[in-house]
Amino acid sequence: MKSNMEQKGILIVISGFSGAGKGTLVKELLRRYDDYALSVSMTTRAPRAGERDGVEYFFTDKAHFEEEIEKGGLIEYASYCGNYYGTPKAYVEERLEAGQNVILEIEIQGALKIKKKFPESLLIFVTPPNAEELKRRLEGRGTESEEAIANRLARAAEESEGVEAYDYLVVNDKLEESAEEVQRLVDAARRAPVRREKFVKEIREGLRSFAKGAQE
Ligand code: 5GP
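Residues numbered from 1 in each chain as written. Predicted model: local features only at pLDDT ≥ 70, side-chain atom pairs only at ≥ 80, totals over all residues. Heavy atoms only, no water.

> Any chance you could explain the site of the ligand here in plain terms?
Ser41, Arg45, Tyr57, Tyr85 and Glu107 are the nearest of the 16 residues found near the ligand. Here a nitrogen atom of the ligand sits 2.7 Å away from a polar atom, N or O, in the side chain of Glu76. Alone, the ligand offers 520 Å² of accessible surface; in the complex the protein occludes 95% of this. Of all the secondary-structure elements, those providing two or more residues to the shell around the ligand are strand S5 (74–80) and strand S6 (83–88). Across the shell around the ligand, the residue classes tally to 5 nonpolar, 4 polar and 7 charged. (Near = heavy atom within 4 Å. Polar contact = N/O pair within 3.5 Å; in protein donor to acceptor, adjacent residues only side chain to side chain. Areas by Shrake-Rupley, 256 points an atom, 1.4 Å probe, with all protein chains shown as cover. Helix = DSSP H or I, 4+ residues; strand = E, 2+ residues; numbered from the N terminus. Nonpolar A, V, L, I, M, F, W, Y, C, P; charged D, E, K, R; others polar.)

Given below as structure tokens:
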């Protein structure tokens, strides 16, 4: 699907419990549709096996991250399980201007900051069908220690308290269906008048000029 250059893209926040499969879902969206751009975050977390700098994340240290905060180079940032994570500003702004929908795959504190700063953003929360499935997926991933898994499950319980702040909940059972569901939600969101500023302005001005003509 081609992006509509007449219209700015929308900012889409995708959050979900660690292990909900949101990373895979985002990859599937990017593979299927060409109107999405994925923002690469900056983090102080150490790379996991196979992760590349500039692809999964921009890996950095605490001092540099704090410098970026100072410079105003991040749209939002948060601390999660002892590390900083943040969204670099320049790429997001550039892609939105170019008419692409930009995906931020971020946790809930960051999501709430985005909604406050950009009320037209679309917040989607991805969850597995139930709690047992989440535990099973986290253990099956094999990339984290038992302690880290317990930590992430505790964090998921905390995050579950905040899901009502999101616009939509996507239960990620079958990957293809979830990707199509997200695409439908984004498509619908793009049709909302608040996200079609240019169109609304033009038709309003046109109508006003007719109304003025009729009065004269
Ligand atoms: P992980 O360590 O599993 O890659 O990520 C941990 C959490 O940090 C995930 O929930 C992920 O979505 C979130 N995260 C990744 N990048 C960012 C970011 O730029 N900002 C915020 N607020 N959270 C992020």
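> I would appreciate a short explanation of helix H1 (residues 22–32) in the present structure.
Helical periodicity: at 3.6 residues per turn, an α-helix aligns residues three or four positions apart in one direction. Inspection of H1 places Lys22, Leu25, Val26, Glu28 and Leu29 among the buried residues, and these make up the whole buried set. Take H1 and look down its axis: the buried residues cluster within an arc of 160 degrees, on one side only. Opposite the buried face of H1, by more than 90 degrees, sit the exposed residues Lys27 and Arg31. The inward-facing, buried residues of H1 abut strand S1 (11–16), strand S2 (36–38), strand S7 (101–105), strand S8 (122–127) and helix H7 (175–190). (Buried < 20%, exposed > 50% of the residue type's maximum accessible area, 1.4 Å probe, protein only. Arc of directions from axis to C-beta. Contact = heavy atoms within 4.5 Å.)

> Whenever I open this one, the sheet that holds strand S4 (residues 57–59) confuses me. Can you help?
The strands that make up a sheet pair up through hydrogen bonds in the backbone, lying either parallel or antiparallel. On the basis of which strands lie adjacent, the open sheet formed by 4 strands has the order S4-S3-S6-S5 and mixed pairing. The sheet is open, and its two edges are formed by S4 and S5, each paired on a single side. Each adjacent strand pair in this sheet contributes to an overall mean axis angle of 25 degrees, direction not counted. Bridge count between strand S3 (residues 41–43) and S6: 2 bridges; the pairing is antiparallel. Paired with Met42 across the strands is Gly86, a residue of S6. Lying on the sheet, helix H3 (residues 89–97) is in contact with S5 and S6; it crosses S6 at an angle near 35 degrees. (Pairing = 2+ DSSP bridges. Axes fitted to C-alpha atoms, helices over the stretch in contact; angles between N-to-C directions.)

> It is not clear to me how the side chain of Thr87 should be interpreted in this structure. Could you clarify?
On the secondary structure map, Thr87 appears in strand S6. Among the polar contacts made by the side chain of Thr87, one reaches the side chain of Glu76 at a distance of 2.5 Å. Apart from residues lying up to four places away in sequence, Thr87 is in contact with Ser39, Ser41, Gly73, Leu74, Ile75, Glu76, Val92, Leu104 and Ile106.

> Looking at this structure, I do not really get the environment of Leu104. What am I missing?
Within the fold, Leu104 resides in strand S7. For Leu104 and Val92, which are 12 residues apart along the polypeptide, the C-alpha to C-alpha distance reads 8.9 Å.

> Hey, could you run me through the sheet that holds strand S9 (residues 168–171) in this one?
With parallel pairing, 5 strands are arranged side by side in an open sheet as S2-S7-S1-S8-S9. Each end of this open sheet is capped by a strand with a single partner; those strands are S2 and S9. Each adjacent strand pair in this sheet contributes to an overall mean axis angle of 30 degrees, direction not counted. With 5 bridges joining them, S1 and S8 adopt parallel strand pairing. When the sheet's bridge partners are listed, Val13 is paired in S8 with Leu123. Sheet strands touched by helix H4 (residues 108–117): S1, S7 and S8. Its angle to S1, the strand with the most contacts, is close to 155 degrees.

> Got a minute to help me understand the confidence of the model for the protein in this structure?
Interpretation of this model should avoid reading the predicted coordinates in detail wherever pLDDT is low. For the protein, the mean per-residue pLDDT works out to 92, and 97% of the residues sit at or above 70. Counting contacts from residues 1–5, a segment whose pLDDT is below 50, to residues more than four positions away or on other chains yields 10 contacts. (pLDDT = per-residue confidence, 0-100.)

> Just to check I follow, could you spell out the pattern of salt bridges for this structure?
Side-chain pairs of opposite charge can arise whenever the charged atoms involved come near each other. Within the structure shown, the criterion is met by 19 salt bridges. Put simply, Glu66 and Lys62 hold a salt bridge, and the shortest N to O gap is 3.6 Å. Here Lys62 and Glu66 lie together in helix H2 (residues 62–71), a separation of 4 residues that amounts to about one turn. Relative accessible area serves as the criterion here: at 52%, Lys62 is assigned to the exposed category. Of the charged contacts, one joins Glu68 and Lys71 as a salt bridge, the two residues approaching to 3.1 Å between their closest N and O atoms. Highlighted residues: Glu68 and Lys71, both in helix H2, separated by 3 residues, approximately one helical turn. Residue class for Glu68 comes out buried when judged on its relative accessible area of 13%. (Salt bridge = Lys/Arg side-chain N within 4 Å of Asp/Glu carboxyl O.)

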